[in-house]
Amino acid sequence: MNKVIFSSIAAIALTSTVYANSIKLYTNPSTGQIFTKNAPGRVPFDINNLMHAKAKKTKPTITIVDKNSLNFLLGKQTHIGMKITAQDDPNMWIKAGVRLQGTFENKQTSYKQPATKSNTNIDSAYLRRVRFEFSAGFNKYLSYTMDIRNDKSNYTGKGEGHFNVGDAYIKIKKPFNTSLINFKLYRAKIDISRTETVKSARTIMYDRPYIADEAAQFISYNRRATNVQMYGNYKDKIHYQIAAGSSVYQGKLHDTLGESLSGNGGTISDQSFFYGGHVTFSPFNGWEQKKETETYFAQGKSFAFGAGYWSVPTVQGHTNSGVNFNLHHELINLSVTGHYHGFFASAEYFKFNGVVKDWANTGSLDTGSSNGGFVTGEYCFKNLAYLAPFVRYEKWNKFTGNGGNTLTSTSGGVNWYLRGNTIKMGVNFQHNDYGVNIGNKTENIARITSQWFF
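Only a predicted model underlies this, so the values are computations on that prediction, with no experimental measurement involved. (Residues numbered from 1 in each chain as written. Predicted model: local features only at pLDDT ≥ 70, side-chain atom pairs only at ≥ 80, totals over all residues. Heavy atoms only, no water.)

Visitor: For this particular structure, what's the right way to read the packing of aromatic side chains?
Guide: Describing an aromatic ring pair means giving the distance of the ring centres and the angle of the ring planes. The final tally for this structure, using the stated rule, is 17 aromatic pairs. For the ring pair Phe 350 and Phe 352, a centre distance of 6.3 Å and an interplane angle of 15° mean the geometry is stacked. Cation over ring: Lys 95 sits above Trp 93, and NZ or CZ is 5.6 Å from the ring centre. (Phe/Tyr/Trp six-rings, centres within 6.5 Å; stacked < 30°, edge-to-face > 60°. Lys NZ or Arg CZ within 6 Å of the ring centre and 35° of its normal.)

In structure tokens form, the structure reads like this:
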């Protein structure tokens, strides 16, 4: 550094006599030293190039704040993870971050007549999501992303819980230098639902719709059991994903009562890979959906609709009572989403084939289909410190063909984006009504929520 400083001083002194003595100067780009004679490794001196090289060397290698973010009450939003870039290879980097969501909740359950259980009123404080997130770039094409998580720790009846791996995938970005073809390998989300694909830090409610959470287990465990997928987009007008991989898990293979196969003593003996795909289309110029989020902070506009089909051709096993089964799971998902400045709305429809009515049945299992959907809306008031009231309505017929199997859920609340999604607070209320065959009860839930994320 001292050599550069002294050389710069010398350059200033020498350039003052250039016109008088016609002195030609040279510099070594790697050291910044100034010379009056040319030699290997030296180039003609230019003070602008020297200052540019010096500025380039001092470029920050650690970043976290999104400089393009809006200015919220507590400052600009951050990127996902703090990024540390290698000084000797800018294509190699590491990101590390956290996601912490806290909830204080009161849940009142009332059973309809004729009641078979006692009503309950439970207060609970728990960490809805606890996650450590990490990613690393190997070169311009390859990167790795993973997280470890302990969601719903201290939730009623769960205790401390335990940590497990969530995402864990290799991304191969534009290997053919086109946005049309990219790959992800191993534990990466499949696009069975828009709201399930949106990162939970960017959803309006931390607890997604019940029907969407069921779709997350119906094809592949937590929608991210080990798989391989190809995805891409064409000028942000068309986005697609196709994937195949490991399918369902018996601990999350539910009947209409919400009971799992393994919880009833049953087991899976044979199953096939899942396969399927999803496509999203933005038909209007200037309204392209460039990212999947539910929080736009009253900026811009977008409109898109999507469709997906997913299948698990074979799920074989037996129940606790010895009943054998061979299921074919199919899931159809349709969605429409848009926002215009402060207003956001999204609706999704689901159809499930291969649903089991009750794992506890003896003799034979009743299997059939299920369908339903939800609509979500939010309005973000930019001039009121980004306060954003929202509503959501969900209706799910958990077993079609006869009555008493319908779940309806109505939610509403308000979020306050103090620093975008980096720091936000909220309060929401939810009313659930279960049909006579799936619980015969109502639930009223009040929550105070918070999020800390980067």
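Visitor: Would you mind going over the pairing of strand E8 (residues 93–111) with me for this structure?
Guide: Side-chain positions along a regular strand alternate between the two faces of the sheet. Strand direction decides the pairing type here: strand E7 (residues 78–85) and E8, joined by four bridges, are antiparallel. Following the sheet pairing, Thr 85 is matched in E8 by Trp 93. In this sheet, strand E9 (residues 120–137) lies alongside E8 in antiparallel orientation, the contact comprising 17 bridges. Within E9, the position partnered with Gln 108 by the bridge is Asn 121. The sheet contact formed by E8 and strand E24 (residues 441–453) spans 13 bridges and is antiparallel. When the bridges of E24 are listed, Phe 104 appears paired with Ile 448. (Pairing = 2+ DSSP bridges. Helix = DSSP H or I, 4+ residues; strand = E, 2+ residues; numbered from the N terminus.)

Visitor: Where do I start with the side chain of Glu 105 in this structure?
Guide: Turning to its location among the elements, Glu 105 is positioned in strand E8. Within the local environment of Glu 105, its side chain forms a polar contact with the side chain of Tyr 126, the two groups lying 2.9 Å apart. A polar side-chain atom of Glu 105 sits 3.0 Å from a polar atom in the side chain of Arg 447. Setting aside anything within four residues of it in sequence, one finds Glu 105 in contact with Ile 122, Asp 123, Ser 124, Tyr 126, Tyr 155, Ile 445, Ala 446 and Arg 447. (Polar contact = N/O pair within 3.5 Å; in protein donor to acceptor, adjacent residues only side chain to side chain. Contact = heavy atoms within 4.5 Å.)

Visitor: Explanation requested: the environment of Ala 298 in the structure shown.
Guide: Mapped onto the elements, Ala 298 comes out in the loop between strand E16 (274–281) and strand E17 (301–318). Looking at Ala 298, the relative accessible area reads 13%, which means it is buried. Each C-alpha atom, one on Ala 298 and one on Ala 388, is 9.6 Å from the other, the two residues being 90 residues apart in sequence. Not counting residues up to four positions away in its chain, the partners in contact with Ala 298 are His 341, Gly 342, Cys 380 and Lys 382. (Buried < 20%, exposed > 50% of the residue type's maximum accessible area, 1.4 Å probe, protein only.)

Visitor: How should the confidence of the model for the chain be read in this particular structure?
Guide: If pLDDT is low for a region, its predicted coordinates should not be looked at in detail. For the chain, mean pLDDT is 90; residues scoring 70 or higher make up 91% of the total. Below pLDDT 50 for its whole length, residues 1–21 participates in 16 contacts with residues either more than four positions away or in separate chains. (pLDDT = per-residue confidence, 0-100.)

Visitor: Any chance you could explain the pattern of salt bridges here in plain terms?
Guide: Opposite charge on two side chains permits pairing when their charged atoms draw close. A full pass over the atoms with the stated rule returns 13 salt bridges. For Arg 99, the salt bridge goes to Glu 133, with nearest N and O atoms at 2.5 Å. Of this pair, Arg 99 sits in strand E8 while Glu 133 sits in strand E9; the two residues are 34 residues apart in sequence, bridging distant segments of the chain. The shortest N-O distance in the salt bridge between Arg 447 and Glu 105 comes to 3.0 Å. Of the two residues, Arg 447 is situated in strand E24 and Glu 105 in strand E8; the sequence distance between them amounts to 342 residues. For the pair formed by Arg 447 and Glu 105, the shared burial category is buried. (Salt bridge = Lys/Arg side-chain N within 4 Å of Asp/Glu carboxyl O.)

Visitor: Whenever I open this one, the pairing of strand E20 (residues 367–379) confuses me. Can you help?
Guide: Sheet topology note: the strand E19 (residues 343–356)/E20 ladder contains 13 bridges and is antiparallel. Looking at E20, one finds that Ser 346 is bridged to Thr 376. In this sheet, strand E21 (residues 387–397) lies alongside E20 in antiparallel orientation, the contact comprising eight bridges. Its bridge partner being in E21, Val 375 is matched across the sheet by Tyr 393.

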